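Residue-level structural notes
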Amino acid sequence: MRHLASLVLFLATAPSLAAATQPAPPHAAEKQLAVATIDENREQLTALSDEVWRYAETALQETKSSKALADLAEKKGFRVTRGVAGMPTAFVAEYGTGRPVIGIMGEYDALPGLSQKAEPERAVIEPGAPGHGCGHNLFGVGSLAAAIAVKELIAAGKLHGTVKFFGTPAEEAVGGKLYMLRDGVMNGVDVMLAWHPDDETRADTKSTQAIVDVTVEFFGRAAHAAYDPWNGRSAVHGLEIFTLAVNMMREHIHPSSRMHYAILKGGDVPNVVPEYGKVWIWLRDEKRELVDEMLGRLRKMATGAAMAADVESKVTINGGDWNMLVNMAGERLAQQNLEWLGPLQFTPQEQELAKAIQRANHLPEKGLNPAIKPFEAVPGPAEGGSTDVADISWNMPIIHLSVATAPTGVPWHGWSVVACSGMSIGHKGMILASEALAATMIDLFLDPANVRAVREEFAKKTEGVQYTAYIPAGPPRLPTANP
Ligand SMILES: [Zn+2]
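Quick look at the structure, then.

Procedures and definitions
- Residues numbered from 1 in each chain as written.
- Predicted model: local features only at pLDDT ≥ 70, side-chain atom pairs only at ≥ 80, totals over all residues.
- Heavy atoms only, no water.
- Axes fitted to C-alpha atoms, helices over the stretch in contact; angles between N-to-C directions.
- Helix = DSSP H or I, 4+ residues; strand = E, 2+ residues; numbered from the N terminus.
- Parallel < 35°, antiparallel > 145°, perpendicular 65-115°, else oblique.
- Left-handed = near helix turned anticlockwise from the far one by under 90°.
- Contact = heavy atoms within 4.5 Å.
- Nonpolar A, V, L, I, M, F, W, Y, C, P; charged D, E, K, R; others polar.
- Salt bridge = Lys/Arg side-chain N within 4 Å of Asp/Glu carboxyl O.
- Donors = N, O, S within 2.8 Å, 3.2 Å for Na, K, Ca; no water.
- Phe/Tyr/Trp six-rings, centres within 6.5 Å; stacked < 30°, edge-to-face > 60°.
- Buried < 20%, exposed > 50% of the residue type's maximum accessible area, 1.4 Å probe, protein only.
- Lys NZ or Arg CZ within 6 Å of the ring centre and 35° of its normal.
- Pairing = 2+ DSSP bridges.
- Disulfide = S-S within 2.5 Å.
- Expected span 1.5 Å × (residues − 1).
- Arc of directions from axis to C-beta.

For the pair helix H4 (residues 42–55) and helix H6 (residues 136–155), interaxial distance at closest approach is 8 Å and the crossing angle is 150°. Comparing the axis directions of H4 and H6 gives the class roughly antiparallel. For H4 against H6, the interelement crossing comes out right-handed. Contact with H4, carried on its side by Leu45, Leu48, Ser49, Val52 and Trp53, involves Asn137, Leu138, Val141 and Ala145 of H6 and no other residues of that element. In terms of residue class, the contact of H4 with H6 is built from seven nonpolar, two polar and no charged.

Turning next to the pattern of salt bridges. Taken as a whole, this structure holds 24 salt bridges when the rule is applied. Glutamate 94 serves as the salt-bridge partner of arginine 79, at 3.4 Å between the closest nitrogen and oxygen. Residue arginine 79 is found in strand E1 (residues 79–82), and its partner glutamate 94 is found in strand E2 (residues 91–96); the two are separated by 15 residues along the sequence. Residue arginine 202 is joined to aspartate 198 by a salt bridge in which the shortest nitrogen-to-oxygen separation is 3.3 Å.

Distances from the zinc ion to its protein donors, namely Cys134 (SG), His136 (NE2) and His196 (NE2), fall within the range 2.0 to 2.2 Å. Look at where the donors of the zinc ion fall in the sequence and you get C-x1-H-x59-H.

The next subject is the packing of aromatic side chains. Given two aromatic rings, their pairing is described by the distance between the two centres and the angle made by the two planes. As enumerated under the stated definition, the model contains nine aromatic pairs in all. When the ring of phenylalanine 139 is compared with that of tryptophan 195, the centres are 6.1 Å apart and the planes differ by 65°; the resulting orientation is edge-to-face. Separated by 56 residues along the polypeptide, phenylalanine 139 in helix H6 and tryptophan 195 in strand E5 (residues 191–198) bring together distant segments of the chain. The same class applies to phenylalanine 139 as to tryptophan 195, namely buried. Taking the centre distance of 5.8 Å and the plane angle of 80° together, the rings of tryptophan 280 and tryptophan 282 count as edge-to-face. An aromatic cluster of three or more residues is present, and its members are Phe91, Tyr108 and Phe165. The aromatic ring of tyrosine 95 is capped on one face by lysine 151, whose charged end is 5.1 Å from the ring centroid. Against the face of tyrosine 470 rests arginine 288, its NZ or CZ located 3.6 Å from the ring centre.

Turning next to the pairing of E2. Strand direction decides the pairing type here: E1 and E2, joined by four bridges, are antiparallel. Bridging from a neighbouring strand, arginine 82 pairs with phenylalanine 91 of E2.

This part covers the state of the cysteines. All told, the structure shown has zero disulfides when counted by the stated rule. With no disulfide of its own, cysteine 420 lies 13 Å from the sulfur of cysteine 134, the closest cysteine sulfur. Of the residues examined, cysteine 420 reaches a relative accessible area of 0% and is grouped as buried.

Bringing helix H9 (residues 288–309) into the picture now. With 22 residues, H9 should cover 32 Å at 1.5 Å per step; its first-to-last C-alpha distance of 31 Å lies within 8% of that length. The complete set of buried residues in H9 reads Arg288, Val291, Met294, Leu295, Leu298, Met301, Ala302, Ala305, Ala306 and Ala309. Projected down its long axis, H9 shows its buried positions confined to an angular sector of 125°, all on one face. With respect to the buried face of H9, the exposed residues turned more than 90 degrees away are Glu289, Lys300, Met307 and Ala308.

All right, on to the environment of histidine 196 then. If you trace the backbone, histidine 196 turns up in strand E5. Owing to a relative accessible area of 18%, histidine 196 belongs among the buried residues under this scheme. Along the sequence, histidine 196 and glutamate 463 sit 267 residues apart, while their C-alpha atoms lie 28 Å from each other. Beyond its immediate stretch of four places on either side in the chain, histidine 196 contacts Cys134, His136, Phe139, His400, Leu401, Ser402, Val403 and Trp412.

Following this line, the structure appears as structure tokens:
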């Protein structure tokens, strides 16, 4: 393994010298046992990660991926409940009894159209097929690996309490976690953990953006565009006025706001006045309130555009996420453990491969960043992008970390990330993530003061906040049924 096996050996042979260079963290003995378990399972874990990488199943279609993860959990002695919260690919695997209840989440959905070989240049496996452009194959297996390591310590009587792994599908398109939350699947968790693949390694003290996912439809009247255009009312004119208004709104929003849309239906042929138009739009900002405010303006624009074109409009909210509520007490624990585990050890060949990927992307050839980023106590503005993990963070405290699994600066949700998620670069990041997550869980199990500190900060930050999810009533809809 990376370096810790040698550290363990070193500690055993020269503890005083080792202590001088690498201070042992709290509960080092238990943490080393967890690291040893992950190391023992390493081959199986990387094979499972590659298996999920090959399946590359998109949101709510992750049948084989979720089964592979749930099967391993069951084999390792977890009590597994499959198909929770109305989603066949969502599951819970738990072990132990009583408090604390420490949860950890894993994702495994892929992205459409990103099929890619584990090679340093664009090389499609199957045209149009999905690929793991966000590294969720690593995310799912890395988290499960940490849960397994903790489970072994509970089984050995070294930890007391319950560990729960949540197999959370459809992060990219539906927000599976929101439905698990709504159905109470996560009730009773004292602290939840998660991580995400990245191009650097850190405890995450930056928030993420809140988002609302909206469809706006326009309904007009068809007519011959030349013979009797006065009988027609163009739905697409309504749509065009609407997008013009949205683009003008850009001048009067916060610098942190983002909006992006795709026109899904804009008529069929020029000689038919279009009776139907459809646009899919996402609004984002650093806080849920700011997104709500833009959403209110968007509704007015839809109504106004419809009036101007003498058509009808309909606004549908498909889903959305809150911004992430960061828990500094928890993040400090995660950072401590990352620093104890130390930087990633990439080989010269891996660095060369990373540079080749950067070359192919016309990026500076910086290679992979193995370092643990210093703790950001004053983190600055939210990261661009949104996640359904953020919704969990308003319902229970979250400890979240990022680990480098891809070269510096490569486009996320792109082929480079798919490639690295299916090779040793990604595996190494995944293993470090699982070790850091396991070590952080051990800090929570063995020291009630840690759980208290994390929960007190959470209680303080959520005081007076009324959480409501941006999801429609009823079961989650398959993305294909979405706009
Ligand atoms: Zn992701």
